[in-house]
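# Chain and residue survey
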Amino acid sequence: MLDIILLAMLAAFILLRLRSELGKKTGNEPLPPAAPRPSSRGGDRTTVDADYEDVSARNDTVIDMEEDPALRKAYQDIRRADSSFDVPTFVGGARAAYEMILEAFWSGDKETLRNFLDDSVYNQFTAAIDAREQNGYRLENRLVDIAEAEVADAKLEGRTAELVVRFKAEIIAVTKDGDGNLIEGNLSEAVEVNDRWTFSRDTKSRDPNWLLVATRAG
């Protein structure tokens, strides 16, 4: 009987300690979704701090973390000229443009190319398309993967921003004649290509799109 009384007293003691500990707040509890951050200026807050939600503030962090001082300065110059400039967004757009431009060139889609290229590069690409068509050749190329896409150089000249993006990609490149005979390439073997494409944009323009103004291998 004494053992039962002792066990009951021990159980009651443990239960009280658990209730006491579980009811405490340590100050490190995660905020619920959409809850406003506490203000260091005191007082109740009914809205989220603007700098907490500001995309530009997050991009400033990206720029500050850039190890290359020349790139970091160029990013800062471009941001001063155009506050909407965002490095990750630009690189994502450059990857998409790389794929769309290559596929348009391979298929001979001049209308799509017109939207992405400046006059000089457009003339070069369309001349290559015309020469290919005159020879009766067609491309059956396919972009397998873009392994890397990173900014290699950047600058602001006047109001014009220019960024050089280095691409490393795997491509299946096949050329056939009008009768479908293989001229060059292998449908089952991808080749690695390294390109440096230069994109340009007037930072004062309302048009958010960047144009491809130069291409080279390497």
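Residues numbered from 1 in each chain as written. Predicted model: local features only at pLDDT ≥ 70, side-chain atom pairs only at ≥ 80, totals over all residues. Heavy atoms only, no water.

## Focus: the sheet that holds strand 4 (residues 174–176)
The antiparallel open sheet is built from three strands, whose spatial order is 1-4-5. Because the sheet does not close on itself, it has two edges, and the strands there are strand 1 (138–139) and strand 5 (182–185). When strand 1 meets strand 4, the two strands line up antiparallel, connected through two bridges. The partner of Leu139 across the bridge, within strand 4, is Thr175. (Pairing = 2+ DSSP bridges. Helix = DSSP H or I, 4+ residues; strand = E, 2+ residues; numbered from the N terminus.)

## Points about the sheet that holds strand 7 (residues 211–217)
Taking strand neighbours across the sheet as the criterion, the four strands line up as 2-3-6-7 in an open arrangement whose pairing is antiparallel. Strand pairing shows two members of the sheet lacking a second neighbour, strand 2 (142–157) and strand 7, which therefore form its edges. Sheet twist, expressed as the mean angle between neighbouring strand axes with direction ignored, is 25°. In the sheet, strand 2 pairs with strand 3 (residues 160–172) via 13 bridges, with the strands oriented antiparallel. In the strand pairing of strand 3, Ile146 is matched with Ala169. Running at roughly 75° to strand 2, helix 4 (residues 69–81) makes contact with strand 2 and strand 3 of the sheet. (Axes fitted to C-alpha atoms, helices over the stretch in contact; angles between N-to-C directions. Contact = heavy atoms within 4.5 Å.)

Spatial relationships are all this shows, so hold off on functional conclusions.
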